[in-house]
Amino acid sequence: MKILVCITHVPDTTSKIAFTDGNTKFDSNGVQYIIGPYDDYALARAVELKEQTGGTITVLNVGTVETEPTLRKALAIGADDAIRVNVAPADSFFVAAQIAEVAKAESFDLILMGRESIDFNGGMVHGMVGELLGIPSISPVMKLDVEGSKVKMTREIEGGKELLEAELPLVAGCQEPIAEWKIPNMRGIMSARTKPLKVVEPSAVDGLTVTENYELPPAKGQVKMIDKDNIGELVRLLKEEAKVI
Amino acid sequence: MAILVFAETADKKIKKSSLEAVSYAAAMGGDVVAVVLGQVEGGELEKIGTSGGTKVLHADDAKLNEGVIQAYASVLAEAAGKAGADTVVLAKSSLGDAVAARLSVKMGAGLVSNVVALPQGNKVKRSIYTGKAFANVELKSGKKIIAIKKNAVPLKTDGGAAAVEKFTPSLSDADFKAKITSQEKAKGKVLLPEADIVVSGGRGLKGPENWGMVEELADALGAATGCSKPVSDMEWRPHHEHVGQTGVKVSPSLYIAIGISGAIQHLAGVNSSKYIVVINKDPEAPFFKAADYGVAADAFEVVPKLTEAIKALNN
Ligand SMILES: Cc1cc2nc3c(=O)[nH]c(=O)nc-3n(C[C@H](O)[C@H](O)[C@H](O)COP(=O)(O)OP(=O)(O)OC[C@H]3O[C@@H](n4cnc5c(N)ncnc54)[C@H](O)[C@@H]3O)c2cc1C
């Protein structure tokens with residue numbers, strides 16, 4: 001089975017978010033970049049599937065040269081080779097179109113990625129790739145098993161879950177608890193250095209949206225502390241001041 | 001030009017977040033045509049008019065009762081054509097995201113998700129970095145899809161009656177390639193992403209056997225229950241209750257956090273709540289910095305008292 005795992009290169013979950021250049025650019029000063037947490041789940045499941053059924057795992061990122069350490073980390077976790085589409089991501093459609101172009105050329109059986117990136121939280125790329133390739137796209141997937149050409153999945157729905165079946169090929173947007181996160185070991189890290197990382201030039205596609213600038217939410221006011229022996233006061237504040245109950 | 005709204009249903013009822021989408025579209029001006037897929041209970045379609053919709057296209061087909069992603073995208077594209085709509089508005093949800101993405105490619109429409117305010121011309125404001133920032137985005141395409149964040153826009157309740165029209169979309173087998181074999185849903189409960197009040201518990205509650213206290217408070221408030229990540233990881237609570245950066249993002253009017261430390265990844269999923277109450281026995285817990293009201297005390301003492309006080313208020 002040929003598996004493609006699409007990974008994002010995103011600020012660590014504890015990063016303080018700030019902008020520069022008149023709020024037009026993300027301030028990456030002091031920011032640690034990681035594989036998107038949801039993409040990490042997708043990659044971890046791909047590694048398990050490969051252990052069970054054999055096959056290959058290709059990881060792909062649409063991004064500039066700065067994202068290569070993130071791709072190398074994915075190789076250290078267990079991917080066989082990596083592809084970087086050499087362009088800064090413009091918008092979800094642009095990214096999806098680049099992924100679909102690579103996928104068309106290589107005909108993967110299964111395309112896994114996170115349910116959403118943790119920077120833009122769009123949750124759109126999996127569906128767009130599915131539509132561009134004319135194959136099913138399922139998200140958010142919390143369990144995925146492959147039996148021959150059939151894929152059995154559990155998808156989270158609001159207030160519960162549903163079970164689905166589909167034939168390969170398909171695209172899945174993954175989330176926990178689909179697999180245990182894998183931490184690269186020394187052997188993985190050593191071998192990642194020599195695994196192939198191919199750089200391909202982007203296809204000519206226009207994004208459909210442009211981000212003009214950013215804003216931060218207004219600062220939070222002071223917390224009002226309430227004595228545990230005066231819970232009636234909390235209820236009064238919620239009713240009369242906040243007007244939420 | 002008409003605006004098409006995807007009115008999502010849950011348990012044969014139109015979701016509140018979808019009525020917010022109708023209200024949003026109505027505030028944009030023009031004809032608001034809502035598409036309802038699958039069977040619904042009596043009286044449900046009327047809510048669309050109340051929220052400002054002018055017309056309902058109802059595809060009353062049991063085949064569409066479940067959230068079949070591909071089929072929904074095809075049906076919405078057909079409905080947009082039928083309604084002459086160049087803009088589609090929907091509520092962001094796990095189904096909404098999955099459907100809107102495919103629809104966007106079908107229509108060649110730019111898609112912006114997590115939108116928190118009405119558009120200014122071709123520009124919309126969206127929440128990014130899990131609520132830690134906003135981006136102002138310009139839609140360059142002629143056709144547009146806007147997925148709005150829950151509780152970001154007021155619900156309109158003084159609209160008129162919407163004309164209901166039966167809609168029979170052309171369904172193709174190719175759109176049903178992924179088959180839903182079963183669904184499990186917590187019945188009759190307030191859905192977490194939809195809820196106006198959320199009561200959440202963390203590791204400070206010590207174990208699943210202590211959740212009765214959380215549920216009782218939630219019941220008294222008509223609230224949904226949530227939890228922190230370790231709580232769902234340890235299976236004290238089901239996964240769909242896990243709130244935060246890697247879980248459900250909520251934006252209720254009131255979020256009550258009990259025995260949750262307030263790690264940045266948890267805050268990320270709740271920071272667009274209007275008011276936050278924190279109950280934690282550690283006065284140094286980081287959550288107090290993000291809270292509006294705080295009680296630094298043992299939850300086992302405070303929560304029953306709070307529940308009693310709310311019940312007394314309700315009576
Ligand atoms: C990539 C990544 C993603 C993550 N995503 C999420 C996410 O989406 N959501 C999430 O929640 N976490 C997430 N986390 C985990 C997060 O960092 C914290 O570990 C988690 O939020 C802690 O949960 P907690 O507050 O319930 O537990 P703890 O940190 O153990 O805190 C328990 C709190 O309860 C208080 N307490 C104890 N006993 C009592 C009592 N009797 N009465 C009152 N208070 C009491 C304690 O003072 C303490 O503050 C993520 C972490 C990573 C690395």
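Parameters and conventions
- Residues numbered from 1 in each chain as written.
- Chains lettered and ligands numbered in written order.
- Predicted model: local features only at pLDDT ≥ 70, side-chain atom pairs only at ≥ 80, totals over all residues.
- Heavy atoms only, no water.
- UniProt positions renumbered as here; feature names shortened; annotations may be inferred.
- Helix = DSSP H or I, 4+ residues; strand = E, 2+ residues; numbered from the N terminus.
- Buried < 20%, exposed > 50% of the residue type's maximum accessible area, 1.4 Å probe, protein only.
- Contact = heavy atoms within 4.5 Å.
- Pairing = 2+ DSSP bridges.
- Axes fitted to C-alpha atoms, helices over the stretch in contact; angles between N-to-C directions.
- Salt bridge = Lys/Arg side-chain N within 4 Å of Asp/Glu carboxyl O.
- Near = heavy atom within 4 Å.
- Polar contact = N/O pair within 3.5 Å; in protein donor to acceptor, adjacent residues only side chain to side chain.
- Areas by Shrake-Rupley, 256 points an atom, 1.4 Å probe, with all protein chains shown as cover.
- Nonpolar A, V, L, I, M, F, W, Y, C, P; charged D, E, K, R; others polar.
- Buried area = accessible area lost by both parts, 1.4 Å probe.

J.: Requested: an account of the UniProt feature "domain: Electron transfer flavoprotein alpha/beta-subunit N-terminal" (unreviewed entry) in chain A, with residues and values cited.
T.: The positions UniProt marks with the feature "domain: Electron transfer flavoprotein alpha/beta-subunit N-terminal" (unreviewed entry) are residues 23-209 of chain A. The span residues 23-209 of chain A shows a helical share of 31% and a strand share of 32%, and its end C-alpha atoms are spaced 18 Å apart.

J.: Residues and numbers for the side chain of A:Thr70, please.
T.: Residue and element names in this part refer to chain A. Relative to the helices and strands, Thr70 resides in helix α2 (residues 68-77). The exposure class of Thr70 is buried, given its relative accessible area of 7%. Apart from the residues lying within four places of it in its own chain, the contact partners of Thr70 are Ile7, Thr8, His9, Ile34 and Ile35.

J.: How would you summarise the environment of A:Pro177 if you had to cite specific residues and measurements?
T.: Tracing the backbone through its elements, the reader meets A:Pro177 in the loop between β12 (170-174) and α5 (186-192). Spatially, the C-alpha atom of A:Pro177 lies 5.5 Å from that of A:Met142, the residues being 35 residues apart in sequence. Residue contacts for A:Pro177: discarding those within four places in its chain leaves A:Met142 and B:His239.

J.: Can you explain the sheet that holds strand β12 (residues 179-185) of chain B? Please cite residues and give values.
T.: Ordered by their spatial adjacency, ten strands build an open sheet running β13(A)-β7(A)-β6(A)-β1(A)-β8(A)-β12(A)-β9(A)-β10(A)-β11(A)-β12(B), and the pairing between neighbours is mixed. Looking at the sheet topology across the chains shown, the edges are occupied by β13 (197-200) of chain A together with β12 of chain B. Across the sheet, the axes of successive neighbouring strands diverge by a mean angle of 25°, strand direction being ignored. Sitting on the sheet, helix α3 (residues 92-106) of chain A is in contact with β1 (2-6), β6 (56-62), β7 (81-85), β8 (110-114) and β13 of chain A, with an inclination near 150° to β6(A).

J.: Please set out the pattern of salt bridges residue by residue, giving values where relevant.
T.: Opposite charge on two side chains makes pairing possible when the charged atoms of those side chains draw close. Scanning all chains against the criterion turns up 42 salt bridges over all chains. A salt bridge links A:Glu158 to B:Lys15; its shortest N-O distance comes to 2.5 Å. A residue pair is termed interchain when its members come from two chains, as with A:Glu158 in the loop between β10 (150-157) and β11 (160-167) and B:Lys15 in the loop between β3 (13-14) and α1 (16-28). With respect to class, A:Glu158 is no different from B:Lys15; both count as buried. Between B:Lys13 and B:Glu41 there is a salt bridge, with the nearest N and O atoms lying 3.6 Å from each other. Placement of B:Lys13 in strand β3 and of B:Glu41 in the loop between β4 (32-37) and α2 (46-50) is noted, with a sequence separation of 28 residues between them. B:Lys13 gets classed as partly exposed once you look at its relative accessible area, which sits at 37%. According to the relative accessible area criterion, B:Glu41 is partly exposed, its value standing at 38%.

J.: Residues and numbers for the site of the ligand, please.
T.: With respect to spatial proximity, 28 residues lie near the ligand, and among them B:Ser228, B:Ser261, B:Gln265, B:His266 and B:Asn280 are the closest. What surrounds the ligand is not a single chain but chains A and B. Measuring from a nitrogen atom of the ligand, one finds a backbone N or O atom of B:Val243 at 2.8 Å. Starting from 980 Å² of accessible surface for the ligand in isolation, the protein chains cover 81%. Mapped by element, the contributors of at least two residues to the shell around the ligand are α6 (229-233), α7 (264-268) and α9 (299-314) of chain B. Counted by class, the shell around the ligand contains eight nonpolar, 14 polar and six charged residues.

J.: Could you give an account of the interface of chain A and chain B, with specific residues and numbers?
T.: Between chain A and chain B, the contact holds 77 residues from the first and 88 residues from the second. Each partner contributes to the roughly 7100 Å² buried at the junction of chain A and chain B, and carbon and sulfur atoms together form 57% of this total. For the pair chain A and chain B, the number of links is twelve salt bridges. A salt bridge links A:Glu158 to B:Lys150; the shortest N-O distance between them is 3.0 Å. Class assignment of the residues belonging to the side of chain A that touches chain B gives a composition of 39 nonpolar, 19 polar and 19 charged. Pairing of strand β15 (residues 224-225) of chain A with strand β17 (residues 293-295) of chain B involves two bridges; the strand directions are parallel.

J.: Please provide a residue-by-residue account of the sheet that holds strand β15 (residues 254-258) of chain B, values included.
T.: Strand order in this open sheet of six strands is β15(A)-β17(B)-β16(B)-β15(B)-β13(B)-β14(B), and the pairing throughout is parallel. In the strand order of this sheet, the two ends are held by β15 of chain A together with β14 (224-227) of chain B, each with one partner. The pairing of strand β16 (residues 275-279) of chain B with β17(B) spans three bridges and is parallel. Each residue of the ladder has a partner; that of B:Ile279, found in β17(B), is B:Val295. Sheet strands in contact with helix α6 (residues 231-241) of chain A are β15 of chain A together with β15, β16 and β17 of chain B, and its direction is about 165° off that of β17(B). Against the sheet, α9(B) contacts β15, β16 and β17 of chain B, and its axis sits at roughly 130° relative to β16(B).

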